[in-house]
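# Observations on chain architecture
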Amino acid sequence: KMTQTWKTPHIVKGLLTRVSLFNQWRRQRAGTGGSDSARYCYSVWLRHLSILSAAEFCISGARIGELGPGDSIGTGLAALLSGARAYVGLDIFPFANKANLLEICEELGTMYANREPIPDQEEFPGVRPRLSSYTFPDRLIACSDIATKMETIKQELRNGFAVGKLLTYRVPWNSQDVIAPGSLDLIFSHAVLEHVDALDQTYRDMAAWLKPGGYASHVIDFRAHHLSPFWNGHWAYSELQWKLVRGHREFLLNREPLSTHLECARRSGFKVLRIFRDVSDQGLPLSSLAPKFRQLSTEDSQTTGAVLILRKRGE
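As a starting point, this report considers the structure included with it.

Each value, and the rule that gives it
Residue positions are given per chain, counting from 1 as you read along its sequence in written order. Predicted model: local features are reported for residues with pLDDT of at least 70 only, side-chain atom pairs are reported and counted for 80 or more only, and whole-chain, interface and lining totals are derived from all residues. The side-chain figures draw on all heavy atoms in the structure; neither hydrogens nor water molecules are used. Definition of nonpolar core: a set of buried residues of the types Ala, Val, Leu, Ile, Met, Phe, Trp, Tyr and Cys, connected through side-chain atoms within 4.5 Å. Between buried and exposed lies partly exposed: a residue is buried under 20% and exposed over 50% of the maximum accessible area for its type, with that area taken using a 1.4 Å probe on protein chains only. By definition, any uninterrupted DSSP run of H or I lasting at least four residues is a helix, any uninterrupted run of E lasting at least two residues is a strand, and each is numbered from the N terminus. By definition in these notes, contact holds between two residues if any of their heavy atoms fall within 4.5 Å. Any two strands between which DSSP finds at least two bridges are classified as paired. The crossover handedness rule: strands pointing away from the viewer, path from first strand over the helix to second strand clockwise, crossover right-handed. Paired rings are identified among Phe, Tyr and Trp, the last through its six-membered ring, by centres lying within 6.5 Å, and are further divided according to the angle between planes into stacked (under 30 degrees), edge-to-face (over 60) and tilted (the rest). Each reported salt bridge corresponds to a side-chain nitrogen of Lys or Arg within 4 Å of a carboxyl oxygen of Asp or Glu. Think of each axis as a best-fit line through the C-alpha atoms, taken over the contacting stretch in the case of a helix, with angles from 0 to 180 degrees between the N-to-C directions. The definitions used throughout rest on a 1 Å grid laid over the protein atoms alone, on which a cavity is an enclosed set of points accommodating a 1.4 Å probe that cannot get out and a pocket is an open set flanked by protein within 12 Å on both sides along at least five of seven lines; lining residues are those having an atom within 4 Å of a point. Grid points are joined across faces, edges and corners, and a volume is the space filled by probe spheres set on the points.

### Focus on the nonpolar core
- Among the nonpolar cores identified, the biggest contains 48 residues, and Trp45, Ile64, Leu77, Tyr112 and Ile153 are the most heavily contacted of them.
- At the level of elements, helix H3 (38-53), helix H4 (74-81), helix H5 (101-113), helix H6 (146-158), strand S3 (167-170), strand S4 (184-190), strand S5 (210-221) and strand S7 (303-312) are the ones that each hand at least two residues to this core.
- Counting residues per element, this core draws most heavily on H3, which supplies seven residues.
- Those residues in contact with Ile153 that sit more than four places away from it in its chain are Leu77, Leu80, Leu81, Cys105, Leu166 and Leu167.

### Some words on the pairing of S4
- Of all seven residues making up S4, seven are buried, and the element is well covered by its neighbours.
- Pairing of strand S1 (residues 63-67) with S4 involves four bridges; the strand directions are parallel. Paired with Leu67 across the strands is Ser189, a residue of S4.
- Where S4 meets S5, six bridges bridge the pair, whose relative direction is parallel. Following the sheet pairing, His190 is matched in S5 by Val219.
- Taken together, S4, helix H7 (residues 199-209) and S5 form a β-α-β motif whose crossover is right-handed.

### Description of the packing of aromatic side chains
- In this structure the tally under the stated criterion is 11 aromatic pairs.
- An angle of 70 degrees between the planes, with centres 5.7 Å apart, marks the rings of Trp231 and Trp235 as edge-to-face.
- Overall, the relative accessible area of 12% leaves Trp231 in the buried class.
- Overall, Trp235 belongs to the buried group, its relative accessible area being 1%.
- A centroid spacing of 6.0 Å and a plane angle of 25 degrees characterise the contact between Trp235 and Phe293, whose relative ring orientation is stacked.

### Points about the pattern of salt bridges
- Taken as a whole and judged by the stated rule, the model has 15 salt bridges.
- For the salt bridge of Asp200 with Arg267, the shortest nitrogen-to-oxygen distance reads 3.0 Å. Separated by 67 residues along the polypeptide, Asp200 in helix H7 and Arg267 in helix H9 (residues 258-267) bring together distant segments of the chain.
- The exposure class assigned to Asp200 is partly exposed, which follows from its relative accessible area of 24%.
- On the basis of relative accessibility, which here comes to 55%, the residue Arg267 falls in the exposed class.
- Overlapping salt bridges, with partners in common, bring together Asp200, Arg204, Glu263 and Arg267 in one network.

### Description of the sheet that holds S1
- The strand order across the open sheet formed by seven strands is S3-S2-S1-S4-S5-S7-S6, and the pairing between neighbours is mixed. Because the sheet does not close on itself, it has two edges, and the strands there are S3 and strand S6 (270-279). Along the sheet, successive strands turn relative to each other by an average axial angle of 15 degrees, direction set aside.
- Here strand S2 (residues 86-90) pairs with S3 via four bridges, running parallel.

### A short note on the environment of Asp36
- As for its position among the elements, Asp36 is in the loop between helix H2 (20-29) and H3.
- As for Asp36 and Asp71, which are separated by 35 residues in sequence, their C-alpha atoms are 5.3 Å apart.
- Ignoring sequence-local partners within four residues, the contact set of Asp36 consists of Asp71, Ser72 and Ile104.

### Comments concerning the layout of surface pockets
- Each pocket or cavity is described by its volume, and for the second largest pocket that value is around 260 Å³.
- For the second largest pocket, the lining is made up of 15 residues, of which Ser50, Leu131, Ser132, Ser133 and Arg139 are closest to its centre.
- Only H3 and S6 provide two or more residues apiece to the lining of the second largest pocket.
- No other element matches the three residues that H3 contributes to the lining of the second largest pocket.

Written out as structure tokens, the structure is:
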């Protein structure tokens, strides 16, 4: 049996979050990483749009929602500039308040105007999904006048965008009624659903917000993040150890495998259109995992990440 001394610093860090001064300092410095860069947001959004278009989704005039936009709502701005009619971002902590959104919007507008290629794996090796082509997806962009759209967005940003015509940002969101039922054409998230505690409820909420036939696109990272030297090491913590690691953090990892997400999606009335899986058989053997995770199926135990394209049932 492998000794797992690598857990100790993470347990100590979790315990420190129970010390109020440390926890206050941690919250002030909190960030999610990545989404305060315009190039990152452009890359993330156009990858989602590319794989959604293969499932017959069209951005023109679409109302879209994003779960956990993170350090900025740049991905939402990228979606608006590509032809969406309205965007709502939902988060549990106002990470995006620190971002220079006017600057991000300006940069995104320039990238669209120049029809820049999608930043690829060379620039963002960790970003999924991978595409067969990173050329600018001209035929998918439904915005004929980028400059005018950009000015409209910037005006709304200047006016404080918590609830605008184009942009809405709800923080913290804590119930289904933050978005009108049946009002969205698309809900998407990027490396967010692995952090959500109330997973079943969240899938139900997303289904409620979508029109019948509406789409969902989710990139989910099943790895241990920074909590282990092994990609699957988060499954090696016992329930008690995990509680200590979590401490007073608002969120960490829910440790749910791919099959749980698929069950939640199907129960909530989604049809699974496409699954793109990243797999690895490297990592800890099943025998080194906590008892709860030793029963994982081969598919679950080897899935390090997945992209799910879902569609709400109904015409």
